[in-house]
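Chain by chain, the residues run as shown.
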Amino acid sequence: MLVQILTFTHNLTTMLFGIYISAFFLGVKQNRKNILVLFLLFSGEGILYIINSLLWGTAVADRLYTIIVHLPLILLLILYYRYSFVSSCISVFSAYLCCQLSNWVGLLALTLTGEQWCYYALRILTTFITFFLLCRFVCHTTETIFTRDTWELYIIGFLPTVYYVFDYSFTKLTDLLYSNNKIVVEFMGFSFCLSYFAFLFIYFREYEKKQESKQYNNLMEMQFLSIEKEIEQVKRSKQKLSILRHDMRHHLSIVLTQLQNNNVKKAIDYVAEITDSYDDTMITAYCKNEMVNSVISIYHTRFEDKQITLNYDVSVRETLPCPDTAICTILSNALENSMHALEEMTTEKRWVNLTISEKEKHLLLQIENPIERVPRFVNGIPTSDKKGHGIGVKSIVYYVEQLGGQYHFFLTDRSFILRIII
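Residues numbered from 1 in each chain as written. Predicted model: local features only at pLDDT ≥ 70, side-chain atom pairs only at ≥ 80, totals over all residues. Heavy atoms only, no water.

1. Notes on the overall build of the protein
Within the protein one finds 13 helices and seven strands. Expressed as a percentage of the 422 residues in the protein, the buried residues total 39%. Restricting the contact set of the protein to residue pairs at least 6 apart, pairs at least 24 apart contribute 69%. (Helix = DSSP H or I, 4+ residues; strand = E, 2+ residues; numbered from the N terminus. Buried < 20%, exposed > 50% of the residue type's maximum accessible area, 1.4 Å probe, protein only. Contact = heavy atoms within 4.5 Å.)

See below:
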């Protein structure tokens, strides 16, 4: 009697385990509504299983388990919860594979004790423990995994699917596994080998992506810190300029005193000393936005040092339609790239045309400069084989994409043009 009760309880807990874990693996929320829906499915499938067991016996019901339990579960996941066919099947097969843990523990107890009640009791206990651990530590990860591309799902679900087919074909529907056929016995080893190779392929592919992303983020952080330092330098220049304005009355008084005493040379030297002290405080008002003014001022000074003419047409409001730091990073990289492209050219050809404007809550940025060497384009983006080059272009592309904008690099009449709409 005890064995019969435990057998019935084991069948119920295993069916409940498979239904709920299959749904939770996919990301079905563990709320009252979904628990009730899944329980109603369990009740219907349980009734069908009992009816089949009474009419044709437990052995036949077990062989029809796929049709009675798994097929309706897959249809519920597809039609009601709107998951794909592939992810739904793999989730069900994965839950089925997880059931084998309790099976092995039960067989171990049966081998050691020889008691059937120990087999079922240990299986029931292991099912509860496995269910708790999966819900607590695994389901939130599988929810992300089952949203991957279809071809990746094929690789992830290869082993659970093969085991599902293997178990039903060689143990439930036939007894081939116990026929000492070497091909059948070694088939799972063959499947594990293929699954391992597939795992290695995915793992190293994701590892390379992660390393590339990490390296790229480090480059972006370095550039962002560089922009911050330049902006901080501009702020210090503004403070220095405010001090100059405050002290201007005293400076003029000293110059006037020198002139009154006919010390013209000393007055001129004093004015030159003041000029040298505050050369780096010049911030031209190109537009109403101070951050944009700061970046253009910095590069305008650098262009003058390299004898590069900057032609500009800048008309933007004080508040931009995108974060100031992002547009300043894009602008800095674009001007930096133009400066490097013009460094090896003759003085007559060193010019940059900068245009920044706003229209219908969109920002248009265009930079044009002449070139002598045509860059190589890959997918519409200029690339460089020189060490340390090409980072600025990657940064521009990264930030424009983050802002949901568009970028266009192109050549015309031996000029290079970058056009950005954000």
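2. Structural notes on the pairing of strand 6 (residues 406–412)
The pairing of strand 6 with strand 7 (residues 415–421) spans seven bridges and is classified as antiparallel. Bridge assignment links Leu411 to a residue of strand 7, and that residue is Phe416. (Pairing = 2+ DSSP bridges.)

3. Digging into the pattern of salt bridges
Enumeration according to the criterion identifies four salt bridges in this entry. The residue Glu143 makes a salt bridge to Lys29 at a minimum N-O spacing of 3.9 Å. Placement of Glu143 in helix 6 (residues 116–145) and of Lys29 in the loop between helix 1 (2–26) and helix 2 (32–56) is noted, with a sequence separation of 114 residues between them. Arg317 is the partner of Glu358 in a salt bridge, and the nearest nitrogen-oxygen pair spans 3.1 Å. Of the two residues, Glu358 is situated in strand 2 (residues 351–359) and Arg317 in the loop between strand 1 (309–315) and helix 12 (324–342); the sequence distance between them amounts to 41 residues. (Salt bridge = Lys/Arg side-chain N within 4 Å of Asp/Glu carboxyl O.)

4. What about the packing of helix 1 against helix 2?
Packing of helix 1 against helix 2 brings their axes to within 10 Å, and their N-to-C directions diverge by 140 degrees. Accordingly, the angle class assigned to the pair helix 1 and helix 2 is oblique. Crossing of helix 1 over helix 2 shows right-handed handedness. Contacts between helix 1 and helix 2 pair Phe8, Asn11, Leu12, Met15, Leu16, Ile19, Tyr20, Ala23 and Phe24 from the former with Ile35, Leu38, Phe39, Leu41, Phe42, Glu45, Gly46, Tyr49 and Ile50 from the latter. By residue class, the composition of the contact of helix 1 with helix 2 is 15 nonpolar, two polar and one charged. (Axes fitted to C-alpha atoms, helices over the stretch in contact; angles between N-to-C directions. Parallel < 35°, antiparallel > 145°, perpendicular 65-115°, else oblique. Left-handed = near helix turned anticlockwise from the far one by under 90°. Nonpolar A, V, L, I, M, F, W, Y, C, P; charged D, E, K, R; others polar.)

5. Notes on a nonpolar patch on the surface
On the surface, a nonpolar cluster with roughly 570 Å² of combined accessible area is contributed by Leu122, Leu125, Ile129, Phe132, Leu133 and Phe137. Mapping Leu133 onto the fold places it in helix 6. The exposure class assigned to Leu133 is partly exposed, which follows from its relative accessible area of 40%. (Patch = residues over 30% accessible without salt bridge, like charges linked within 9 Å, V, L, I, M, F, W, Y side chains within 5 Å. Areas by Shrake-Rupley, 256 points an atom, 1.4 Å probe, with all protein chains shown as cover.)

6. A word on the environment of Tyr398
Within the secondary structure, Tyr398 sits in helix 13 (residues 391–402). Given a relative accessible area of 25%, Tyr398 falls into the partly exposed group. Through-space distance from the C-alpha of Tyr398 to that of Ile330 is 9.3 Å; in sequence the pair is 68 residues apart.

7. Structural notes on the pairing of strand 3 (residues 362–370)
Here strand 3 lies mainly inside the structure; seven of its nine residues are buried. Both strand 2 and strand 3 contribute to a ladder of seven bridges, which runs antiparallel. Residue pairing for strand 3: Leu354 is matched across the bridge by Ile367. The pairing of strand 3 with strand 7 spans seven bridges and is classified as antiparallel. Note that in strand 7 the partner of Leu364 across the bridge is Ile421.

8. Some remarks on the sheet that holds strand 6
Read from one edge of the open sheet, five strands run 1-2-3-7-6, paired in mixed fashion. Sheet topology places strand 1 and strand 6 at the edges, where each strand pairs with a single neighbour. On average, each strand axis in the sheet is tilted by 10 degrees relative to the strand beside it, whichever way the strands run. Relative to strand 1, helix 11 (residues 290–305) is tilted by about 170 degrees, and along the sheet it contacts strand 1 and strand 2.

9. Observations concerning the side chain of Asn369
Within the element layout of this structure, Asn369 appears in strand 3. With relative accessibility at 2%, the residue Asn369 sits in the buried group. A distance of 3.0 Å separates polar atoms of two side chains, one belonging to Asn369 and the other to Ser338. In contact with Asn369, other than residues within four places in its own chain, are Ser338, Ala341, Leu342, Trp351, Val352, Ser415 and Phe416. (Polar contact = N/O pair within 3.5 Å; in protein donor to acceptor, adjacent residues only side chain to side chain.)

10. Section: empty space enclosed by the protein
Per the counting criterion, the structure on display carries one cavity of 30 Å³ or more. As a volume, the largest cavity reaches approximately 30 Å³. Lining the largest cavity, in full, are Phe17, Cys98, Cys99, Ser102, Thr126, Thr127 and Thr130. The set of elements that each furnish at least two residues to the lining of the largest cavity consists of helix 5 (85–113) and helix 6. Taken together, the residues of the lining of the largest cavity break down into three nonpolar, four polar and no charged. (1 Å grid on protein atoms, 1.4 Å probe; cavity = no way out; pocket = protein on both sides within 12 Å on 5 of 7 lines; lining within 4 Å. Points joined across faces, edges and corners; volume = space filled by probe spheres on them.)

11. Some remarks on unusual backbone geometry
The phi dihedral of Arg82 is positive, around 65 degrees, even though this residue is not glycine. Here Arg82 lies in the loop between helix 4 (65–79) and helix 5. Even without being glycine, Gln307 reaches a positive phi, approximately 60 degrees. Tracing the sequence through the fold places Gln307 in the loop between helix 11 and strand 1.

12. Quick word on helix 4
Taking 1.5 Å per residue as the helical rise, helix 4 with its 15 residues ought to reach 21 Å, and the 21 Å between its terminal C-alpha atoms agrees with that figure. At Leu71, helix 4 shows its strongest bend, of approximately 25 degrees, with the proline Pro72 following within four residues. When helix 4 is considered as a whole, its buried residues turn out to be Tyr65, Ile68, Val69, His70, Leu73, Ile74, Leu76 and Leu77. Where helix 4 is buried, its residues contact helix 1, helix 2, helix 3 (58–63), helix 5 and helix 8 (158–172). (Expected span 1.5 Å × (residues − 1). Bend = angle between axes of the 7 residues up to and from the residue.)

13. Considering the packing of aromatic side chains
Summed over all chains, the structure comprises 16 aromatic pairs. With 6.2 Å between their ring centres and 40 degrees between their planes, Phe409 and Phe416 make a pair best called tilted. Like Phe409, the residue Phe416 is buried in the burial classification. The lysine or arginine in question, Arg302, covers the ring of Tyr299, its NZ or CZ lying 4.7 Å from the ring centre. (Phe/Tyr/Trp six-rings, centres within 6.5 Å; stacked < 30°, edge-to-face > 60°. Lys NZ or Arg CZ within 6 Å of the ring centre and 35° of its normal.)

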